[in-house]
Amino acid sequence: MDVKEEVRSKLNIEDVVGEYIELKRAGRNFKALSPFNNEKTPSFIVSPEKQIWHDFSSNRGGDVFSFVMEMEGIDFRAALEILARKAGVDLPAYQDGRGKELQQRRERLYGALEMAAKFYQFVLSKQKAPQAYLYKKRSFNKKTVEEFRLGYAPTEGSSLVQFLLKRGFSVKELREAGLFVQRASGPSDMFRGRIMVPLCDGQGRVVGFTARLLVDQKNAPKYINTPQTLLYDKSRQVFGLHLAKEAIRQHDQAVIVEGNLDVIASHQAGTRYVVATAGTAITADHVRQLARLTPNIKLAFDSDNAGITATERAIVLAQEMGIELSVVTFPEGVKDTDDLVREDPDKWGAIISESTYAVDWLIDKYRGESNITTGEGKRRFSSKSLAVIDRLQDPVEKEHYLKKVAEELDVSVQSLVQKLSGAKKLNAKTLKPNKAPTYQANTNVHEDNFLALTLYFPKIRDSLTRGIGSGDFHGQERQKLWGFMADHVRSDLTHNVPDPLQSIATYVKIIVLRAEEQHSQLTDGEALLIAQELATRIKKERQKERLHNLSRELASSEAQGHESETQRLKEEVQRIIKGDQYGAKEAG
């Protein structure tokens, strides 16, 4: 019996469903009001005999796993973990040795972070200054502080570390959890003298922290986050999701704000379908998690350049995933959600309901930035608008916005189509970008695999150092790791992280884990061949990215009428293309 069937055999579907919604016996089955739609007559059925559920109002149904996936907005693996705990099934027992070890490591990190959250909560209860900040300056009430498990990190250098070491956790585990840092003065807590906001996964388990200075300081960042760890990845973290899921499903919408404290203020005011990402950095993973709960996502960012850029990026993701994306606009003089909620909580909900479809919002923004009574203004406005319209996948919607822009400019739709076609021909001729700029995510996977191979098989490094440099990698962590390995071609990094790499120790360990899980069965020769292929791919993908970025700069330069800069960019494009052709001939 596999683990899925073992879990299923130990659970009654009606017991699991009954933890989420109220069931009433109806003959051999159970009935309930649909958790997915507002209804007065129960249409949700659970069959204990068949161990299935079906919601007639939404035409959804399935087994106990699919129900938890729907209710929690998670994938199968996460649902399996939840149900295994309910059933008392030990998942690691069904894994191989490395799988068990990884799961045990994860559970230890969860334990350390959970205890750290309790430690910070206790410290907060004894400290008047952070209490004054939360209760008076931020106007949070006690219920809110407890619900979001807010705490305070003491200023003493290693209070948390000593607390956790005494409770059986090792320095290695604390470092892997992002709670420990080695300072010049010695072992130290990662966070000191800051308000602590736990970051939780979809099930409410603590995976990291956001830490805010109690008093703003000139040379210190206002906020710092847990570094990327085995549990925490900011590209996947949706703050407040575990507390917002029910409201998101009930109201059929999710609002994304910039700050974690904005989320807390909104929840306290009763608007609980609000979450946050890491600032305006929205990723496909963020959108995907919310899309499991609702197809209606609204952005409540500042209308500055960062907010506009985030909206442009989010439109692409929304189009790919079938999401209805809207933008919430703050009234004049209101800086953010927190200010608005404190001023008038009811007004916040009203503003959300008046949100603007994202494409309309962007085009209106572009219109406000351009003087379309001039030729230059018309060129700039049309270039920016067409860049957004071209990303739309529905032909009817695309035609609607072409007509709208044509009317704004008092030009024909045909002229806009010709301009759009001309831009595509230029790109096809000189730049050849991918249909969607997804190569960076793929490239990073290639880079991590390359680094994993060269870390695990040091004998192959020397032959690769001449073909690829640190600048071909994305991110300081990858660049630093490859730079070290290129200078230390025989160093063994699989057991200990050397001092020069301590600042990226977590990333190095992740690369070691990747190597152990995916590449440990290879020979040196096999590893070298794969690494060579990856190196070639990384170089080519990096070149595509440079060309893609140049294409955006070129389009912007042309739109603004900067002739000398436009010519320079065209020449740079040609140099890269010629270099690629030369490299191809050399390779041949």
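Keep in mind that this is a model prediction, so the values were computed, not measured.

Description of the overall build of the chain
Then, number 1: Looking only at helices and strands, the chain features 24 helices and 16 strands.
Then, number 2: C-alpha extents for the chain along the principal axes are approximately 70 × 65 × 55 Å.
Then, number 3: Counting over 588 residues, the chain shows a buried share of 46%.
Then, number 4: The contacts in the chain between residues at least 6 apart in sequence include a share of 64% that link residues at least 24 apart.
Then, number 5: In the form shown here, the chain has an accessible surface area of approximately 29,400 Å², with 48% of it arising from carbon and sulfur atoms.
Then, number 6: Separation of charge centres in the chain, based on 86 positive and 81 negative side chains, amounts to 2 Å.

Brief notes about the side chain of S66
Then, number 1: Tracing the backbone shows S66 in helix α3 (residues 64–72).
Then, number 2: On the basis of relative accessible area, S66 is assigned to the buried category, the value being 18%.
Then, number 3: A polar contact of 3.2 Å, which involves the side chain of S66, links it to the side chain of W53.
Then, number 4: With near-sequence residues (within four places) excluded, S66 lies in contact with W53 and G61.

Here we look at the pairing of strand β3 (residues 44–47)
Then, number 1: Of the two faces of β3, the one holding F44 and V46 and the one holding I45 and S47 are both buried throughout.
Then, number 2: As paired elements, β3 and strand β4 (residues 52–55) share four bridges and run antiparallel to each other. The residue bridging V46 from the neighbouring strand is W53, located in β4.
Then, number 3: Counting the residues in the hairpin turn of β3 and β4 gives four residues, including Q51, whose phi is positive at 55°.

Structural notes on the packing of helix α16 (residues 358–369) against helix α18 (residues 395–409)
Between two packed helices, the angle of one axis relative to the other and the distance separating the axes together describe the packing.
Then, number 1: Contact geometry of α16 with α18 gives a least axis separation of 12 Å together with a crossing angle of 20°. Judged on the interaxial angle alone, α18 and α16 are roughly parallel. Of the two elements, α16 crosses α18, and the hand of that crossing is right-handed. Listed contacts from α18 to V359, D360, I363, D364 and R367 of α16 are E397, Y401, K404, V405 and E408.
Then, number 2: Per-class residue counts for the contact of α16 with α18 are four nonpolar, no polar and six charged.

Let's talk about the pairing of strand β12 (residues 254–257)
Then, number 1: Residues A254 and I256 of β12 are buried on one face, and the alternating residues V255 and V257, pointing to the opposite face, are buried as well.
Then, number 2: Two strands pair when backbone bridges link them, and β12 and strand β14 (residues 296–300) are joined in this way by four bridges, in the parallel orientation. Bridge pairing in β14 places A254 opposite I297.
Then, number 3: Pairing of β12 with strand β13 (residues 274–276), which is carried by three bridges, proceeds in the parallel orientation.

Let's talk about the packing of helix α13 (residues 305–321) against α16
Then, number 1: Packing of α13 against α16 brings their axes to within 10 Å, and their N-to-C directions diverge by 140°. Taken as axis vectors, α13 and α16 run oblique relative to one another. The crossing of α13 and α16 is left-handed. For the pair α13 and α16, contact is made by I308, T311, E312 and I315 and by A358, V359, W361, L362, K365, Y366 and E369, respectively.
Then, number 2: Residue classes in the contact of α13 with α16 are distributed as seven nonpolar, one polar and three charged.

With respect to the sheet that holds strand β11 (residues 223–225)
Then, number 1: Judged by pairing direction, the sheet is antiparallel, and its four strands sit side by side in the order β6-β9-β10-β11 without closing on themselves. Both outer strands of the open sheet, β6 (151–153) and β11, are each paired with one neighbouring strand and no more. Going from strand to strand, the sheet's axes swing by 35° on average, the running direction of each strand aside.
Then, number 2: Two strands pair when backbone bridges link them, and strand β9 (residues 194–200) and strand β10 (residues 206–213) are joined in this way by seven bridges, in the antiparallel orientation. Along β10, the bridge assignment pairs L199 with G208.

Thresholds applied
- Residues numbered from 1 in each chain as written.
- Predicted model: local features only at pLDDT ≥ 70, side-chain atom pairs only at ≥ 80, totals over all residues.
- Heavy atoms only, no water.
- Helix = DSSP H or I, 4+ residues; strand = E, 2+ residues; numbered from the N terminus.
- Buried < 20%, exposed > 50% of the residue type's maximum accessible area, 1.4 Å probe, protein only.
- Contact = heavy atoms within 4.5 Å.
- Areas by Shrake-Rupley, 256 points an atom, 1.4 Å probe, with all protein chains shown as cover.
- Lys, Arg positive; Asp, Glu negative; His and termini not counted.
- Charge placed at Lys NZ, Arg CZ, Asp CG, Glu CD.
- Polar contact = N/O pair within 3.5 Å; in protein donor to acceptor, adjacent residues only side chain to side chain.
- Pairing = 2+ DSSP bridges.
- Axes fitted to C-alpha atoms, helices over the stretch in contact; angles between N-to-C directions.
- Parallel < 35°, antiparallel > 145°, perpendicular 65-115°, else oblique.
- Left-handed = near helix turned anticlockwise from the far one by under 90°.
- Nonpolar A, V, L, I, M, F, W, Y, C, P; charged D, E, K, R; others polar.

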